[in-house]
Amino acid sequence: MIYLVEDDESIRELVVYTLKTQGLDAKGFEKPSLFWKAMEKERPSLLLLDIMLPEEDGIAVLKKIRIHPDTRRLPVIMLTARGSEYDTVVGLDSGADDYIPKPFRMMELISRIRALLRRTQDSGAEEYQVGELYVCPSRHVVTVNKEPVSLTLKEYEMLCLLLKNSGTVLSRTQLLNQIWGYEFDGESRTVDVHVRTLRQKLGRAGEIVETVRGVGYKISGKTKTS
């Protein structure tokens, strides 16, 4: 089930209709209070969230989702008319897994939804240890010096992909295609923003995410897998 919180009726109906024609069950809500009420009965596998909403804005809704332990791992894609770089950074820093400015191409939206759902379902089997950093994909656990670290889904996926390819430089294009699941048309700023927030959350352990100037990123240091 996919939930959409969007106060524009025409957009809400179009997105829900398109999702259903593509075999993806969906429900739309015009305001946050209806969404929260539905959450009490059924938890979605993914949320599409507008920012400019009545009652409370989408960023406030997103922050509540990320704080609550039962929903903090819920994949969230922001759909919003606010498409500036600043707004994108705010959305990603607040915990969004993807950020799509309006107007958007419907089939690209479907592709990105499906890619995000696939990655959410792929738990992985290995465990990684690099210095103070420990990651267990099967249990979705990330700790630094045995202290838990809370990451957004995209930050987590980027960390796991870099660890899986430890020592190998991954370009921004490779990271975009493998994590976001689509051919990115334009800036690679999205990757840089996620790397920055990932490093901040990892603290001292964030130093293992090394920038290779003009190319991309890699994990430095000895990685132990089990």
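Here the structure is a predicted model, which means the values were calculated and not measured.

Novice: Explain the packing of aromatic side chains here, please?
Specialist: How two aromatic rings sit relative to each other is given by the distance of their centres and the angle of their planes. Inspection of the entire model under this criterion finds 4 aromatic pairs. For the pair Phe29 and Phe35, a centre-to-centre distance of 6.4 Å together with 65° between the ring planes defines the contact as edge-to-face. Residue class for Phe29 comes out buried when judged on its relative accessible area of 11%. Taking the centre distance of 4.9 Å and the plane angle of 55° together, the rings of Phe35 and Trp36 count as tilted.

Novice: How should the side chain of His194 be read in this particular structure?
Specialist: Mapping His194 onto the fold places it in helix H8 (residues 189-202). Among all residues touching His194, those that are not within four sequence positions of it are Leu92, Ala96, Asp97, Lys154, Glu155, Met158 and Trp180.

Novice: Would you mind showing me how to read unusual backbone geometry here?
Specialist: The general pattern is negative phi for most residues beyond glycine and trans for most peptide bonds. The residue after Lys102, namely Pro103, is reached through a cis peptide bond having omega -5°. Within the element layout of this structure, Pro103 appears in the loop between strand E5 (98-101) and helix H5 (106-121). Of note, the phi angle at Glu55 is positive, near 75°, even though the residue is not glycine. Glu55 gets classed as exposed once you look at its relative accessible area, which sits at 52%. Here the phi dihedral of Lys146 falls at roughly 70°; this positive angle occurs in a residue that is not glycine. Structurally, the position occupied by Lys146 is in the loop between strand E8 (141-144) and strand E9 (147-148).

Novice: How should a negative patch on the surface be read in this particular structure?
Specialist: Negative charge collects at one region of the surface, where Asp7, Asp8, Glu9, Glu13, Glu30 and Glu55 lie side by side. Checked against the element boundaries, Glu13 lands in helix H1 (residues 9-21). According to the relative accessible area criterion, Glu13 is partly exposed, its value standing at 49%.

Novice: Would you mind going over the environment of Gly203 with me for this structure?
Specialist: As for its position among the elements, Gly203 is in the loop between H8 and strand E11 (209-212). The exposure class of Gly203 is partly exposed, given its relative accessible area of 40%. Taking the C-alpha atoms as reference points, Gly203 and Val149, 54 residues apart in sequence, are found 9.6 Å from one another.

Novice: I would appreciate a short explanation of the sheet that holds strand E12 (residues 216-219) in the present structure.
Specialist: Spatial ordering of the open sheet is given by E10-E12-E11, a layout of 3 strands whose pairing is antiparallel. In the strand order of this sheet, the two ends are held by strand E10 (170-171) and E11, each with one partner. Against the sheet, helix H6 (residues 153-164) engages E10, E11 and E12, with an angle of about 70° to E12.

Novice: Help me understand helix H7 (residues 172-180), please; the structure alone is not making it clear to me.
Specialist: The periodicity of an α-helix, 3.6 residues per turn, causes residues three or four positions apart to be oriented the same way. Within H7, the full set of buried residues consists of Leu175, Leu176, Ile179 and Trp180. Summarising the axial view, the buried residues of H7 lie within an arc of 100°, below the 170-degree limit, and thus occupy one face.

Novice: Honestly, the packing of H7 against H8 in this entry has me stumped. Any pointers?
Specialist: A pair of packed helices can be characterised by two numbers: the angle between their axes and the separation between those axes. Orientation of H7 relative to H8, taken along the N-to-C sense of each, is 80°, at an axis distance of 9 Å. Taken together, the axes of H7 and H8 are roughly perpendicular relative to one another. Mapping the contact onto sequence places Arg172, Leu175, Leu176 and Trp180 in H7 and Thr190, Val191, Asp192 and His194 in H8. Classifying every residue of the contact of H7 with H8 gives 4 nonpolar, 2 polar and 2 charged.

Novice: Explain the nonpolar core here, please?
Specialist: Soluble globular proteins: nonpolar side chains tend toward being buried together. By size, the foremost hydrophobic cluster in this structure holds 29 residues, and its most contacted members are Leu133, Val135, Val142, Leu159 and Leu202. Sorting the residues of this core by element identifies strand E6 (128-130), strand E7 (133-136), E8, H6, H7, H8 and E12 as the ones contributing at least two each. A per-element tally of this core places H6 first, with 7 residues. In this structure Leu133 touches Tyr128, Val142, Thr143, Val144, Leu159, Leu202, Ala205 and Ile208, once residues within four positions along its chain are discounted. Judged by nonpolar contacts, the second largest core, of 22 residues, contains Tyr3, Val61, Leu62 and Ile65.

Novice: Mind showing me how you'd approach the sheet that holds E5 here?
Specialist: Across a sheet, strands are paired by hydrogen bonds formed along the backbone, either parallel or antiparallel in direction. Spatially, 5 strands are ordered E2-E1-E3-E4-E5 in an open sheet, and the strand pairing comes out parallel. Edge positions in the sheet fall to strand E2 (26-29) and E5, since each has one partner strand and no second. Strand-to-strand twist in this sheet, taken as the mean axis angle between neighbours without regard to direction, amounts to 20°. Across 4 bridges, strand E1 (residues 2-5) lies against strand E3 (residues 46-49) in parallel orientation. Each residue of the ladder has a partner; that of Val5, found in E3, is Leu49. Packing of H1 onto the sheet brings it into contact with E1, E2 and E3, and relative to E2 it is tilted by some 175°.

The rules behind the values
Note that residues are indexed from 1 along each chain, following the sequence as it is written. Totals for whole chains, interfaces and linings use all residues, but because this is a predicted model, local features are given only for residues with pLDDT of at least 70 and pairs of side-chain atoms are given and counted only at 80 or more. Think of the side-chain values as coming from all heavy atoms in the structure, minus any hydrogens and water. Aromatic pairing here means that ring centres of Phe, Tyr or Trp (its six-membered ring) are within 6.5 Å. Orientation follows from the plane angle: under 30 degrees is stacked, over 60 is edge-to-face, and everything else is tilted. Exposed residues in this analysis have more than 50% of their type's maximum accessible area, buried residues have under 20%, and partly exposed residues fall in between, with area computed by a 1.4 Å probe over protein chains only. Under the DSSP-based scheme used, a helix requires at least four consecutive residues in state H or I and a strand at least two consecutive residues in state E, with every element numbered from the N terminus. Any two residues whose heavy atoms approach within 4.5 Å at even a single point are treated as in contact. A residue counts toward a patch only above 30% relative accessible area and without a salt bridge, and it is joined to like-charged neighbours within 9 Å or, for Val, Leu, Ile, Met, Phe, Trp and Tyr, to nonpolar neighbours within 5 Å. All accessibility values rest on the Shrake-Rupley procedure with a 1.4 Å probe; residue burial counts only the protein chains present in the view. Should a side-chain nitrogen of Lys or Arg be within 4 Å of a carboxyl oxygen of Asp or Glu, the pair is scored as a salt bridge. We score Asp and Glu as negative and Lys and Arg as positive, and we do not count His or the chain ends. Where a charge sits is defined by one atom per residue type, namely NZ (Lys), CZ (Arg), CG (Asp) or CD (Glu). Pairing between two strands requires that DSSP report at least two bridges joining them. To get an axis, a line is fitted to the C-alpha atoms, and for a helix only the part in contact is used. The angle between two axes follows their N-to-C directions and goes from 0 to 180 degrees. Of all possible arcs, the one meant is that of the directions from the helix axis to the C-beta atoms. Any angle between 65 and 115 degrees counts as roughly perpendicular, while under 35 counts as roughly parallel, over 145 as roughly antiparallel, and the rest as oblique. Residues were grouped as follows: Ala, Val, Leu, Ile, Met, Phe, Trp, Tyr, Cys and Pro as nonpolar; Asp, Glu, Lys and Arg as charged; and all remaining residues, including Gly, as polar. Nonpolar cores are built from buried Ala, Val, Leu, Ile, Met, Phe, Trp, Tyr and Cys residues. Side-chain atoms within 4.5 Å join them into one set.

Read these as geometric descriptors, not functional statements.
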